[in-house]
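Chain residues, written in single-letter form:
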Amino acid sequence: MITSLGQAVLTEDSVAHLARERTPLRVVDQWLYHSRLYRAAACVASREDLELVQITSFGCGIDAITTDQVREILGDRGKIYTLLKVDEISNLGTARIRIRSLLAALEERASRTPAPIRAAKALEKRAKKILFTRSMKENYTLLAPQMSPLHFQFLQAVFEKNGHPMEVLHHVDAATIEEGLKSVNNDACYPSIIVVGQVLQALKSGRYDPNRTAVVLAQTGGCCRATNYVALMRKALADSGFDRVPVVAVALSTALERHPGFKITLPLLRDALRGTLAGDLLMNVLYRVRPYEAVQGSADALCARWSRSCIDLIRSGDGRGLRNAFEAIVADFDALPIVEKPRPRVGIVGEILVKYHPGANNDIVRFLESEGAEVVVPGLLDFGLYCLYDHKVSYDILSGSLGSSLAAQALISLFEWKRRGLRRALASSRRFSPPATIDTIARYAERHLSLGNQSGEGWFLVGEMVKLLESGVDNIVCIQPFACLPNHIFGKGMIRDLRRAFPRANIVPIATDRSVRRRRRRRPEDPPSDSPGPAPSGRKGRRRKRPRPRLRRWPPGYRRRRPGRPPCGGHPRNPSTRGRRSAPRGRSRPQPPKRRRSAGSPQGSLRDRSRNAPR
């Protein structure tokens, strides 16, 4: 198509090596193809005889990272950026119009006085990071977007205990989503839109001073596009006028970012582990008991009371008291009065934020419980152990280093040893079951796919589903954002293989984004659908009935034609009734008229046959 317009076409790998200098990037350069694309864009930006046309596919979330970065590389040098989105439609009319528009713009620019290519000062300024210094540690407030309400209440106490004032952003509504859509590429995944929308909505509310506020985000450093959440956040803050707000990435690896004012110390890691264990325990016992509670709200009240106690123990640093509290929590929920009635058990797996965030998954836990189900959600610590286990797998079957593998195995052993008290308390109860180890989950996943699949939730998603199926949870909801390619492959793509191994498995994949809204179901306390409800808005009193249409009285002898019937009154499917006429009620039916026959046609004339033929 482009060559038919008289232009030569070069691919990105043919010009990527011609880039003169290394271009500063705002995003994390994760993939090999994207590295070539950025170098090719830098080469095009430095030459006057080259232009760039990027072709992407609809719904590809990874392209949302590259398109913004390529546009910045070209825009800061005064070049025109052209993007073509293609799908399975074979009509390329719109793409041809875009190419012709590009050529027309180039001809118009060539007719004017050619301007020199600008230096990439804006690109360097945008790629520069605002560091979180030591002087900011005591005066700045860290804003953390919500992910799991049960867990982040303890993590807030952990950060405050270690000298980092933090506030978790709980509020998520339609305005939050719209705020995120204004500043984030709409092809990006749904969690990034929620996270950016929460932070921008909080900063624009006026409750926080931008000069004394920082944003904290958790990072895994894997090959998922979530590693670029920090880059998306910085771009959104700069576009909204908050370019001086630092963004702190919380990750075990210092290869991503280093901030002088924030370091993951051993006390911080220990307290974070305690808070995560407390959240996992309360989530386990609460979801197990709440559908069966004899007194409505008793399970939530007991959970809130123990949450306050665990927060006080975490602030005081009483590890022994927290272990005793874990045993008391199991005992109290084990003794809570319940009503024994059979309920289907439904497990929830998927992308980490959508799985735990009630605002991102339309509060699927409450919805399933209102429909009469018991919900089973795996713990948050298992995801952290999965990220550590990937270092061991990378060394075993990929190109990982021995040092990273040994350090990851040491941390896994430490975390599992710290979880032994919680596992022992749950195993000794009557209603609850202990969580599986990460080695067990890895063995479950290895039955169906290689552990080298580490993008997104990777093999961990399959391992969680197998663990639920092995424990008797046959119904599973696999929830992930739209355009999350790894989770669609490891979630939806593995359903057939899992059903071969577990014939009773009932796995439902759900893809969610900003446009998905749960339709309200009728609650038990609502009036039945056939009972009269309240008056509609705008009308007062009882709803007036529509008047019945009056029956039209036909004049005597008038034969009414009905649709689908022949003019003579017969039925098209019953030739024997053809020729009969309907008579008024109370009168005798008249005789059918005689047909005129021609001498040459025993069936009658052509005029008679056309009159009697059904229409």
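Here is a short report on the structure shown in this document. (Residues numbered from 1 in each chain as written. Predicted model: local features only at pLDDT ≥ 70, side-chain atom pairs only at ≥ 80, totals over all residues. Heavy atoms only, no water.)

## Section: the side chain of Asp280
Phase 1: In this fold, Asp280 is placed in helix α11 (residues 266-289).
Phase 2: In terms of polar contacts, Asp280 uses its side chain to reach the backbone amide nitrogen of Leu380, at 2.8 Å.
Phase 3: Beyond its immediate stretch of four places on either side in the chain, Asp280 contacts His151, Gly379, Leu380 and Leu381. (Helix = DSSP H or I, 4+ residues; strand = E, 2+ residues; numbered from the N terminus. Polar contact = N/O pair within 3.5 Å; in protein donor to acceptor, adjacent residues only side chain to side chain. Contact = heavy atoms within 4.5 Å.)

## A look at helix α12 (residues 298-316)
Phase 1: Between the first and last C-alpha of α12 there are 28 Å, a value that for 19 residues agrees with the 27 Å anticipated at 1.5 Å per step.
Phase 2: Buried within α12 we find Ser298, Ala299, Leu302, Cys303, Trp306, Ser307, Cys310, Ile311, Leu313 and Ile314.
Phase 3: Looking at the buried residues of α12, the elements they touch are α7 (149-161), α11 and α13 (319-334).
Phase 4: One or two residues past the end of α12 sits Gly317, with phi positive at roughly 75°. (Expected span 1.5 Å × (residues − 1). Buried < 20%, exposed > 50% of the residue type's maximum accessible area, 1.4 Å probe, protein only.)

## Focus: the packing of aromatic side chains
Phase 1: Following the criterion strictly, the structure yields 8 aromatic pairs and no others.
Phase 2: With a centroid separation of 5.8 Å and 50° between ring planes, the pair formed by Phe383 and Tyr386 is classed as tilted. Placement of the pair is Phe383 and Tyr386 together in helix α16 (residues 381-397), with a separation of 3 residues, close to one helical turn. Here Phe383 and Tyr386 have matching classes, each one buried. (Phe/Tyr/Trp six-rings, centres within 6.5 Å; stacked < 30°, edge-to-face > 60°.)

## Comments concerning the pattern of salt bridges
Phase 1: One pass over the full model with this rule turns up 28 salt bridges.
Phase 2: Of the charged contacts in the structure, one is a salt bridge between Arg47 and Asp49, with a shortest N-O distance of 3.0 Å.
Phase 3: Owing to a relative accessible area of 33%, Arg47 belongs among the partly exposed residues under this scheme.
Phase 4: Its salt-bridge partner being Arg290, residue Glu369 comes within 3.0 Å of it at the nearest N-O pair. With Glu369 in helix α15 (residues 364-370) and Arg290 in the loop between α11 and α12, this pair connects stretches of sequence that are 79 residues apart. Neither Glu369 nor Arg290 differs from the other in exposure class; each is buried.
Phase 5: Several salt bridges converge on common partners, so that one network encompasses Asp382, Glu416, Arg419, Arg423 and Lys467. (Salt bridge = Lys/Arg side-chain N within 4 Å of Asp/Glu carboxyl O.)

## Quick word on the environment of Arg420
Phase 1: Positionally, Arg420 belongs in helix α18 (residues 420-427).
Phase 2: Here Arg420 falls in the partly exposed class, since its relative accessible area comes to 36%.
Phase 3: Sequence separation between Arg420 and Pro434 is 14 residues; the distance between their C-alpha atoms is 9.6 Å.

## Some thoughts on the environment of Lys492
Phase 1: Here Lys492 is to be found in the loop between α21 (485-491) and α22 (495-501).
Phase 2: For the pair Lys492 and Cys478, spaced 14 residues apart in sequence, the C-alpha separation works out to 7.9 Å.
Phase 3: When neighbours within four sequence positions are excluded, Lys492 is seen to be in contact with Gln480, Asn487 and Pro509.

## Examining the packing of helix α8 (residues 174-183) against helix α9 (residues 190-204)
Phase 1: Packing of α8 against α9 brings their axes to within 7 Å, and their N-to-C directions diverge by 105°. On the basis of their axis angle, the class for α8 and α9 is roughly perpendicular. Contacts between α8 and α9 involve Ala175, Thr176, Ile177, Glu179, Gly180, Leu181 and Ser183 from the first element and Tyr190, Ile193, Ile194, Val196, Gly197, Gln198, Leu200, Gln201 and Lys204 from the second.
Phase 2: Its residues assigned to classes, the contact of α8 with α9 shows 8 nonpolar, 6 polar and 2 charged. (Axes fitted to C-alpha atoms, helices over the stretch in contact; angles between N-to-C directions. Parallel < 35°, antiparallel > 145°, perpendicular 65-115°, else oblique. Nonpolar A, V, L, I, M, F, W, Y, C, P; charged D, E, K, R; others polar.)

## Digging into α11
Phase 1: A rise of 1.5 Å per residue sets the reference length of α11, with its 24 residues, at 34 Å; its end C-alpha atoms lie 35 Å apart and thus fit the reference within 8%.
Phase 2: Of all 24 residues in α11, 17 are buried; the element is thus mostly enclosed.

## Digging into the layout of surface pockets
Phase 1: Taken as a whole, the second largest pocket holds about 770 Å³ of empty space.
Phase 2: Around the second largest pocket sit 25 residues that line it, and Val9, Leu10, Glu51, Leu52 and Val53 are the ones nearest its centre.
Phase 3: Those elements that place two or more of their residues in the lining of the second largest pocket are α1 (12-15), α2 (32-45), β1 (52-57) and α4 (93-111).
Phase 4: Ranked by residue count, the leading element in the lining of the second largest pocket is α4, at 5 residues. (1 Å grid on protein atoms, 1.4 Å probe; cavity = no way out; pocket = protein on both sides within 12 Å on 5 of 7 lines; lining within 4 Å. Points joined across faces, edges and corners; volume = space filled by probe spheres on them.)

## Some thoughts on the side chain of Glu369
Phase 1: Assessed through its relative accessible area of 13%, Glu369 is described here as buried.
Phase 2: Polar contacts involving the side chain of Glu369 include one to the side chain of Arg290, which spans 3.0 Å.
Phase 3: With residues up to four places along the chain from it excluded, the contact list for Glu369 reads Tyr287, Arg290, Pro291, Arg343 and Val375.

## Thoughts on the sheet that holds strand β6 (residues 247-250)
Strand pairing in a sheet relies on backbone hydrogen bonds, with the paired strands running either antiparallel or parallel.
Phase 1: Spatial ordering of the open sheet is given by β4-β3-β5-β6, a layout of 4 strands whose pairing is parallel. One side of each edge strand has no neighbouring strand; the edge strands of this open sheet are β4 (166-169) and β6. With direction set aside, neighbouring strand axes in the sheet form an average angle of 30°.
Phase 2: Across 4 bridges, strand β3 (residues 141-145) lies against β4 in parallel orientation. The residue bridging Leu142 from the neighbouring strand is Met166, located in β4. (Pairing = 2+ DSSP bridges.)

## Observations regarding a nonpolar patch on the surface
Phase 1: Nonpolar side chains collect at one region of the surface, where Tyr395, Leu402 and Leu406 lie side by side and expose about 280 Å² of accessible area between them.
Phase 2: Among the residues examined, Leu402 registers a relative accessible area of 44% and is labelled partly exposed. (Patch = residues over 30% accessible without salt bridge, like charges linked within 9 Å, V, L, I, M, F, W, Y side chains within 5 Å. Areas by Shrake-Rupley, 256 points an atom, 1.4 Å probe, with all protein chains shown as cover.)

## Description of unusual backbone geometry
Phase 1: Here the phi dihedral of Asn362 falls at roughly 60°; this positive angle occurs in a residue that is not glycine.
Phase 2: With respect to the helices and strands, the residue Asn362 is situated in the loop between α14 (352-356) and α15.

Function-wise, these values are silent; they only describe arrangement.
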